[in-house]
Amino acid sequence: MQVAPATALSVLADPPVRMVDSAVMDYLLIEVVNALRVSSAVASARAKKIECDMVEAGLVLPAPAPPTKQQNPRDSASNTSSKVSGSGDEDEGVRSRLEAIGMHVGGNFAERLCRDRPLFSDSLDVIKFVCKDLWVSCWDKQVDNLRTNHRGVYVLQDNAFKPIARISSWEGRQEALKRAKLYVVLPAGIIRGALSRIGFHGTVVPEITTLPQCTFQIKLPKNT
């Protein structure tokens, strides 16, 4: 039995809502971070191998060796600091990819949520939309606190942010905070992507001081 053209067009224009379990987003975020961390390490190793092959073939000059610093016998943190800087470079690639994924997801969310809404009059209306509609759709609650200096800077605070509500570490509080900072990059990208799709381009900076509380500082141009 063939579907009538009018019916097919109406289904495309207003697709049926499909429901998923609320825990799916939590599991997805965990696996996305782990998968991108492994993928970033593989991509970095591949790039280094290509560079070494080009050096051996004489196509490029070898990179200059970093200046060696004489080790102080009393300095016991030298090796630790080098490991931390290396892991930071690796996490930077993960952060950029997480933010890109979040912006794509946030843009699609904004299109879906704004389909039947009138145009936003100013930036405060947009921020209220983020605090209510977007937050409820993504994280099942509204923002707990909103502050602004009325100059394009908005601070959104969630006292129990869902993506980091269950993060802990046997190594202590500082290690848990370090891990949590990676898991809020995707939500920050979702917020930024939603704002960009609506037409408000700005920056979104997440900050975590105490788990599971998280704040997002949004800066929008003054002329929006």
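Refer to the preceding data block for the structure.
About the thresholds
- Residues numbered from 1 in each chain as written.
- Predicted model: local features only at pLDDT ≥ 70, side-chain atom pairs only at ≥ 80, totals over all residues.
- Heavy atoms only, no water.
- Pairing = 2+ DSSP bridges.
- Helix = DSSP H or I, 4+ residues; strand = E, 2+ residues; numbered from the N terminus.
- Bend = angle between axes of the 7 residues up to and from the residue.
- Buried < 20%, exposed > 50% of the residue type's maximum accessible area, 1.4 Å probe, protein only.
- Expected span 1.5 Å × (residues − 1).
- Contact = heavy atoms within 4.5 Å.

(A) Main features of the pairing of strand β3 (residues 203-207). Inspection of the sheet shows β3 paired to strand β4 (residues 214-219) by five bridges, in the antiparallel sense. Looking at β4, one finds that valine 204 is bridged to isoleucine 218. Hairpin connection between β3 and β4: a loop of six residues separates the two successive antiparallel strands.

(B) Just helix α4 (residues 123-139), in detail. The largest bend along α4 reaches roughly 35° and is located at valine 130. What α4 keeps buried is the set Ser123, Val126, Ile127, Phe129, Val130, Cys131, Leu134, Trp135, Cys138 and Trp139. Aspartate 140 sits one or two residues past α4 and shows a positive phi near 65°.

(C) Representation of helix α6 (residues 185-198) in the model. Its 14 residues give α6 an end-to-end C-alpha distance of 20 Å, which sits within 8% of 20 Å, the value for a rise of 1.5 Å per residue. For α6, a buried count of 11 out of 14 residues is recorded, marking the element as mostly surrounded by other parts of the structure. Looking at α6, one finds that the buried residues are Val185, Leu186, Pro187, Ala188, Gly189, Ile190, Ile191, Gly193, Ala194, Leu195 and Ser196. One or two positions beyond α6, positive phi appears at glycine 199, with a value near 115°.

(D) View of the environment of arginine 147. By secondary structure assignment, the location of arginine 147 is in strand β1 (residues 145-148). In this structure arginine 147 comes out as partly exposed when scored by relative accessible area, which is 41%. Counting along the chain gives 10 residues from arginine 147 to glutamine 157, while the straight-line C-alpha distance between them is 8.5 Å. The residues contacting arginine 147, other than those within four sequence positions of it, are Val153, Tyr154, Val155 and Gln157.

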